Amino acid sequence: MKQRQKIKLVLSILFLLLSLYAAAIMVGYTNKIYPNLATSTDALFKITPFVNLSVFLDILTLIGPLIFIIFIFMKKTTKKIPYYVTTISIFYLVRSFFIYITPLANPFPLEKWGLGIFPVGGMFPSGHTGVLFLMFLLMKEESNNKYWAFILLLLVLLEGTFMILSRGHYSLDVFGAIFVAYAIHAFSKKNLKKRLVA
């Protein structure tokens, strides 16, 4: 790996850590200034049953990135890692902004969510759904083999469905995450890909 490529990789990882930190700070800050966050109504909640699938959601959240990482190394697209990581970082940075301007409580507050390994907080857009959809778009962009992309798209559909059934997010958060991820991918592909891929 060339020195310039290493620098891009390190900077993209630092940007990801900063973006995740910003999202966590916004969750804490929003909870502090709005201690009694309001819940909202959701039409899909009225027509779907509540099923606590939060453990499966966390498992899908682990499986999706694992598939994406395997894909990167199998397709030998490691030189594009700074582009991938930066694109995902932008999603988390945008999400941290939306967490602040859309302070809503979890539709079905649980003391422990899923496996208890992911922080809970911030509704719009759904980080679970958005990041998986972003990985799907990045994978689809790089692969002629539609099998890989199909697996990730299936995970996105399961994640969104389970999120709504578990009342982990409002339907707006899930559908909005797809649009936000799509816009970020389009921006990143047009403006950052050539700069970040050596």
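Rules and cut-offs
- Residues numbered from 1 in each chain as written.
- Predicted model: local features only at pLDDT ≥ 70, side-chain atom pairs only at ≥ 80, totals over all residues.
- Heavy atoms only, no water.
- Helix = DSSP H or I, 4+ residues; strand = E, 2+ residues; numbered from the N terminus.
- Rg over C-alpha atoms; globule rule 2.2 N^0.38 Å.
- Buried < 20%, exposed > 50% of the residue type's maximum accessible area, 1.4 Å probe, protein only.
- Contact = heavy atoms within 4.5 Å.
- Areas by Shrake-Rupley, 256 points an atom, 1.4 Å probe, with all protein chains shown as cover.
- Lys, Arg positive; Asp, Glu negative; His and termini not counted.
- Charge placed at Lys NZ, Arg CZ, Asp CG, Glu CD.
- Patch = residues over 30% accessible without salt bridge, like charges linked within 9 Å, V, L, I, M, F, W, Y side chains within 5 Å.
- Salt bridge = Lys/Arg side-chain N within 4 Å of Asp/Glu carboxyl O.
- pLDDT = per-residue confidence, 0-100.
- Phe/Tyr/Trp six-rings, centres within 6.5 Å; stacked < 30°, edge-to-face > 60°.
- Core = buried A, V, L, I, M, F, W, Y, C linked by side-chain atoms within 4.5 Å.
- Expected span 1.5 Å × (residues − 1).

A. Looking closely at the overall build of the chain. The number of helices and strands found in the chain is 8 helices and 0 strands. The C-alpha radius of gyration computed for the chain amounts to 17 Å, which stays within 12% of the reference 16 Å derived for 198 residues, consistent with globular compactness. Along the longest, intermediate and shortest principal axes, the C-alpha atoms of the chain span 50 × 35 × 30 Å. Burial statistics for the chain: of 198 residues in total, 47% are counted as buried. Of the contacts formed within the chain by residues at least 6 apart in sequence, a portion of 88% connects residues at least 24 apart. By element, 70% of the accessible surface of the chain is carried by carbon and sulfur atoms, the whole surface being about 10900 Å². Mean positive and mean negative side-chain charge positions of the chain (20 and 7 charges, respectively) differ by 16 Å.

B. Here's a closer look at a nonpolar patch on the surface. Together, Tyr21, Ile25, Tyr29, Ile33, Tyr34, Phe97, Tyr100 and Ile101 make up a nonpolar patch on the protein surface, roughly 770 Å² of accessible area in all. Per-element accounting of the nonpolar patch gives the leading share, 4 residues, to helix H1 (residues 3–33). In this fold, Tyr100 is placed in helix H4 (residues 81–101). Accessibility expressed as a relative area gives 34% for Tyr100, which makes it partly exposed.

C. Representation of the confidence of the model for the chain. For the chain, per-residue confidence averages 88 on the pLDDT scale, and 92% of positions sit at 70 or higher. Within the chain, helix H7 (residues 171–191) carries the highest mean pLDDT (97), whereas helix H3 (residues 54–74) carries the lowest (88).

D. Broad picture of the packing of aromatic side chains. Applying the stated criterion across every chain yields a total of 10 aromatic pairs. Pairwise contacts between aromatic rings join Phe68, Phe71, Tyr83, Tyr84 and Trp148 into one cluster.

E. Structural context of the nonpolar core. The biggest cluster of nonpolar side chains holds 45 residues, and the ones touching the most others in it are Phe68, Phe91, Met139 and Leu152. Each residue touching Phe91, except ones within four places of it in the same chain, is listed here: Pro125, Ser126, Gly127, Gly130, Val131, Leu134, Ala177, Val180, Ala181 and Ile184.

F. Up close: helix H5 (residues 127–142). The terminal C-alpha atoms of H5 lie 22 Å apart, and with 16 residues this matches the ideal 22 Å at 1.5 Å per residue to within 8%. Where burial is concerned, most of H5 is hidden: 15 out of the 16 residues are buried.

G. Region of the structure containing H7. When the terminal C-alpha atoms of H7 are compared, their 30 Å separation across 21 residues agrees well with the 30 Å that a helix rising 1.5 Å per residue should span. For H7, every residue scored as buried is listed here: Ser171, Asp173, Val174, Gly176, Ala177, Val180, Ala181, Ile184, His185 and Ser188.

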